[in-house]
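Coordinates in review
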There are 2 protein chains.
Amino acid sequence: MTPVAAVAAPSPGSASRQESVAAVIAALSARFGERLSTNASLREQHGNTLTWQANEPPDAVVFPETTAEVVEVVKLCAAHGVPMIPFGTGTSLEGHVNAPFGGVSIDTGRMKAILAVHAEDLDCVIEPGVTRKELNEHLRASGLFFPIDPGADASLGGMAATRASGTNAVRYGTMRENVLALEVVLADGSVVKTGTRAKKSAAGYDLTRLFVGSEGTLGIITQVALRLHGIPEAISAGTCPFPSIKAACDATILTIQTGIPVARIELLDTASVISVNAYSKLTLPEMPLLLVEFHGTEASVKEQAERFGEIAEQLGGGPFTWATQAEERTRLWQARHDAYWAGRAANPGKITFATDVCVPISHLAECVEETLRDLDACGIASGVAGHVGDGNFHVSPFFDPDDHAQRKVIEGFLDRLVKRALALDGTCTGEHGVGEGKMKYLVAEHGEPALEVMRQLKRAIDPHNLMNPGKIVAFSG
Amino acid sequence: MTPVAAVAAPSPGSASRQESVAAVIAALSARFGERLSTNASLREQHGNTLTWQANEPPDAVVFPETTAEVVEVVKLCAAHGVPMIPFGTGTSLEGHVNAPFGGVSIDTGRMKAILAVHAEDLDCVIEPGVTRKELNEHLRASGLFFPIDPGADASLGGMAATRASGTNAVRYGTMRENVLALEVVLADGSVVKTGTRAKKSAAGYDLTRLFVGSEGTLGIITQVALRLHGIPEAISAGTCPFPSIKAACDATILTIQTGIPVARIELLDTASVISVNAYSKLTLPEMPLLLVEFHGTEASVKEQAERFGEIAEQLGGGPFTWATQAEERTRLWQARHDAYWAGRAANPGKITFATDVCVPISHLAECVEETLRDLDACGIASGVAGHVGDGNFHVSPFFDPDDHAQRKVIEGFLDRLVKRALALDGTCTGEHGVGEGKMKYLVAEHGEPALEVMRQLKRAIDPHNLMNPGKIVAFSG
């Protein structure tokens, strides 16, 4: 499963590669002027993300502003066999935008048009560089919102490409469920529309879902049609401590089984609560904690909350504390989103990164508890936070980047974490994606026949392995 | 777009084809005994569905009982280049199981094991021959149910293969959202698992969604993991007449925009109401009618109903009549499902078939009204019924099968219907699928570049064009 360069993507050091790249850069520079850059720090910034993967910068970065310009870039790169790496905001977590074979980073960050908002259809059509916060800002007056919230203010093209989700996927689904259709530029420069704005269709293979989560390895997303939702009339959030991870997970299971349409249900382990309290000046009970949010009418939110409170109490949890004021709620979720920074502050001199796995919810407590024991046994400080309604949780181990032995310990821990999730009928990543970091686990998760289908798809759509090569699946072209 | 036999699927009449088929039948007969049949009426029954497409029977029908047996059948057919057509219950509507190149119908109807129900995870794993009613019967005691309801008691393997949906997709999604993972036997006999039971995953290409809706053209589904839902504590249904199709559609839009989580919202046109009244001995107001259903707690169902009532009144609709008793509700939905038979009774001596299109909901009224005018102009009697929450509606034109001129009129009408939907940014089929009937519309809907991607997918996964050839996309292998 080591990435292998395809015929058309010669190894980074070769003379022919250098000539191809030089030719592409010269042509792009002539065409795009200052919108083509070979500046070293810009390239570095585009060759890495929020990951502990080593930086692998592209040879150049180009900033197209239209689909037609993306097509021009792609045709030029394709003619010279130069790899292309689509780039959104660089907030992905597994080295998705690294350039192991060099090539051109195609930064869609200037494609920011909101092309249409169809309020009656609850959908919109946007360019890929629009971020989720920008979209929600634009939508505010319409009474609509786009719910998917991975924490970072990621570009929506990048979120589609990585099948992003986040805190409220339990209610609203992930990008898989919320992308209606895409426009994608393929490696040969052809422009594909993957669907219409119809809410459902049975007209052939599901190309939309094929490209959602393909991490730029099949083409470059240049337009996204998204489902929108009405801003709920009432929102309430709250926190509830539990005597154990198991009790918190059981409360989550019962909540969902009972049909309470919880909008967010997040778990923080004790260590995370302690650092969040310190960092965000909160006084949350320092025990396993659920943060929950309910959306609906005033009456239904009240009812959902009461029922959740009963379930929590039944499982030894409580007291259940409410945050009905918008400011309180914002503060709470900001604290949740700041868990990363809180952890950093609690572990001075160390850095961290976030990894994730996802298991059927009935196995979640077991998986989290065993993971905490494992962390303890190897002496790694880490926060654990989870989108528990989906069985998805994150681990952020803290380490000294210069301590080689510690890195080895963490690598061993990550392997065991994934094996544990797979043994419990789960996945090596619920939402962060494969990138470079999780490639080695795909055989164990999917089996060789399924992985071979993925390779066949890649070969069929990108036969010269030019689109973000060395990610998800690797093959010699 | 005329279906072209691949190299490996020689034309039905050729001598080499006859030899291959004879060899496969002999081997299957030796292996499966009475579970291999060449009986003419059985073959006819397997070579057609609820469609007006001409019957194209397979050469034989085989009834495997396990995945291993499916693999045996597939390997044998593949070795002789004989087409394979997966068969569920034969309730598809566009000639999905026709055998234009002959071959072996692989009937999964005896694969009926419910392998696991995971109540805590709200999922189950079943064999493909289990029908939706059988599954719901099995689940009843658990307090769970599987919501997708296309009307017919279809097999769940077939429903996955055709991306089925139905009356309550507006709340619960279609098979696309409710299939967690599949086991699929590919044309070379390899067995692919498309995912785990984790509720979400970002671990590579979305193979599950690739096979959902692929109509047996990429492989044979041998296992299905499905999402389940808790049976709602309270259900209430009701009917509400409107002065016009437009008013009914506007009420639907407002209902959804307001965030009322309506479980079903169905439109019947006046002609359908008249025939349903006569057939099911009801006294519904003979005007455009919405049938709605709400799921939730007692309090939330009441609130949803009140809010819907207010919206209906605002748009000139009403009176809104409630059916809170289970028997009344059942009677109402039975009447909706019997609309087909009601129409048959109202149009003696004629037959009908159901076609569907789907448009963004803001264009629904325009699309339905223009369709009704078109039907009127060509003098075709037809019912129109719609899953209006999704912008999806069905037309069932009545005709005399022996009247060639009438068939031509209907063909012209169908072409205009699809063109109308596509011009309104819709799809040629919201839920019935492509089969043979809608193939000719795929270029107009998707454009040539997207259709070429579909062909590439088909070639990559089924290079010899042996899996249900002549459906969705056609190519010369």
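What you see as residue numbers is a count from 1 along each chain, following the sequence as written. All chains are assigned letters beginning with A, and all ligands numbers beginning with 1, in the order in which they are written. The predicted nature of this model means local features are confined to residues of pLDDT at least 70 and side-chain atom pairs, given and counted, to a pLDDT of 80 or more, with totals for whole chains, interfaces and linings taken over all residues. The basis for every side-chain value is the complete set of non-hydrogen atoms in the structure, without hydrogens or water.

1. Side note on helix H12 (residues 326-337) of chain A
Residues and elements named next belong to chain A. The terminal C-alpha atoms of H12 lie 16 Å apart, and with 12 residues this matches the ideal 16 Å at 1.5 Å per residue to within 8%. Of the residues making up H12, those classed as buried are Arg329, Leu332, Trp333, Ala335 and Arg336. Buried positions in H12, seen along its axis, are confined to an arc of 150 degrees and lie on one side of it. The helix and strand labels rest on DSSP assignments: H or I over at least four residues marks a helix, E over at least two residues marks a strand, and numbering proceeds from the N terminus. A helix is expected to span 1.5 Å multiplied by its residue count minus one. The buried label goes to any residue with under 20% of its type's maximum accessible area, the exposed label to any with over 50%, and the partly exposed label to all in between, with areas taken from a 1.4 Å probe on protein chains only. Taking the helix axis as origin, the arc is that swept by the directions to the C-beta atoms.

2. Focus on the interface of chain B and chain A
Interface size is commonly expressed as the accessible area that is lost once the parts come together. Note on definitions: a residue-residue contact is assigned when non-hydrogen atoms from the two residues lie within 4.5 Å. Each side of the interface is counted separately: chain B has 82 residues, and chain A has 82 residues. Buried area: the accessible area, evaluated with a 1.4 Å probe, that two parts lose upon being put together, summed over both parts. Taken together, the two surfaces of chain B and chain A that pack against each other cover about 6500 Å², and 56% of this comes from carbon and sulfur. On the chain B side of the interface with chain A, the three residues burying the most area are Lys200(B), Ala202(B) and Tyr205(B), jointly 15% of the side's total. In the sections that follow, a salt bridge refers to a side-chain nitrogen of Lys or Arg positioned within 4 Å of a carboxyl oxygen of Asp or Glu. Remark: the boundary between chain B and chain A carries 10 salt bridges. Of the charged contacts, one joins Asp390(A) and Lys199(B) as a salt bridge, the two residues approaching to 3.5 Å between their closest N and O atoms. Two N or O atoms form a polar contact when they lie within 3.5 Å of each other; inside protein one atom must be a possible hydrogen donor and the other a possible acceptor, and for residues adjacent in sequence the pair counts only when both atoms belong to side chains. On inspection of chain B and its partner chain A, the count reaches 34 residue pairs in polar contact (both at pLDDT 80 or more). Elements represented by at least two residues in the side of chain B that touches chain A include exactly helix H6 (169-172), helix H7 (175-178), strand E9 (191-193), helix H8 (207-211), helix H9 (245-257), helix H11 (298-314), helix H16 (442-446) and helix H17 (448-461) of chain B. Among the elements that line the side of chain B that touches chain A, the one with the most residues is H17(B), at nine residues. Across the side of chain B that touches chain A, the residue classes break down as 33 nonpolar, 28 polar and 21 charged. Note that Gly is not counted as nonpolar here; it falls among the polar residues with everything else outside the nonpolar set of Ala, Val, Leu, Ile, Met, Phe, Trp, Tyr, Cys and Pro and the charged set of Asp, Glu, Lys and Arg.

3. Description of the sheet that holds strand E1 (residues 36-37) of chain B
Residues and elements named next belong to chain B. A pair of strands is labelled paired if DSSP reports no fewer than 2 bridges between them. If you walk across this open sheet you meet the four strands as E1-E2-E4-E3, and the pairing is mixed. Whereas interior strands pair on both sides, the edge strands pair on one side only; in this sheet they are E1 and strand E3 (84-87). Relative to strand E4 (residues 104-107), E3 runs parallel, the two being bridged by four bridges. Paired with Ile85 across the strands is Ser105, a residue of E4.

4. Concerning the sheet that holds strand E4 (residues 104-107) of chain A
Residues and elements named next belong to chain A. Sheet architecture is open: four strands sit in the order E1-E2-E4-E3, paired in mixed fashion. The sheet terminates laterally at strand E1 (36-37) and strand E3 (84-87), the two strands that pair on one side only. Direction of pairing for E1 relative to strand E2 (residues 60-62): antiparallel, over a ladder of two bridges. Following the sheet pairing, Leu36 is matched in E2 by Val62.

5. Here we look at the relation of the copies chain B and chain A
Residues reaching a pLDDT of at least 70 in both copies supply the C-alpha atoms on which the copies are superposed by least squares. Mapping chain B onto chain A calls for a screw motion: a turn of 180 degrees about the axis and a shift of 0.0 Å along it, with 0.0 Å RMSD after fitting. Taken together, the turn and the small shift mark the pair as related by a two-fold rotation axis.

6. Points about the environment of Pro397(B)
Residue and element names in this part refer to chain B. By the secondary structure assignment, Pro397 is in strand E19 (residues 392-399). Separated by 22 residues in the primary sequence, Pro397 and Leu375 place their C-alpha atoms 8.3 Å from one another. When neighbours within four sequence positions are excluded, Pro397 is seen to be in contact with Ile351, Thr352, Phe353, Ile380, Ala381, Ser382 and Ile410.

7. Some thoughts on the pattern of salt bridges
All names here are of chain A. Tallying each qualifying case throughout the model produces 66 salt bridges over all chains. Among the salt bridges present, the one from Glu69 reaches Arg31, with a minimum N-O distance of 3.5 Å. Highlighted residues: Glu69 in helix H3 (residues 67-80) and Arg31 in helix H1 (residues 15-32), separated in sequence by 38 residues. What you see here is one network of salt bridges that share partners, running through Arg31, Arg35, Glu65, Glu69 and Glu72.

8. Brief notes about the pairing of strand E8 (residues 179-185) of chain B
Residues and elements named next belong to chain B. Within E8, seven of the seven residues are buried, which leaves it mostly tucked inside the rest of the structure. Bridge count between E8 and strand E10 (residues 220-227): six bridges; the pairing is antiparallel. Paired with Val185 across the two strands is Ile220, which belongs to E10. Bridging between E8 and E9 involves three bridges; their strand directions are antiparallel. When the sheet's bridge partners are listed, Glu183 is paired in E9 with Lys193. Between E8 and E9, which pair antiparallel in sequence order, lie five residues; one of them, Gly189, sits at a positive phi of approximately 85 degrees.

9. A closer look at the UniProt feature "domain: FAD-binding PCMH-type" (unreviewed entry) in chain A
Within the UniProt annotation, "domain: FAD-binding PCMH-type" (unreviewed entry) is assigned to residues 54-231 of chain A. The distance from the first to the last C-alpha atom of residues 54-231 of chain A is 41 Å, and the span holds 23% helix and 24% strand. UniProt positions are given in the numbering used here, feature names are shortened, and annotations may be inferred rather than shown by experiment.

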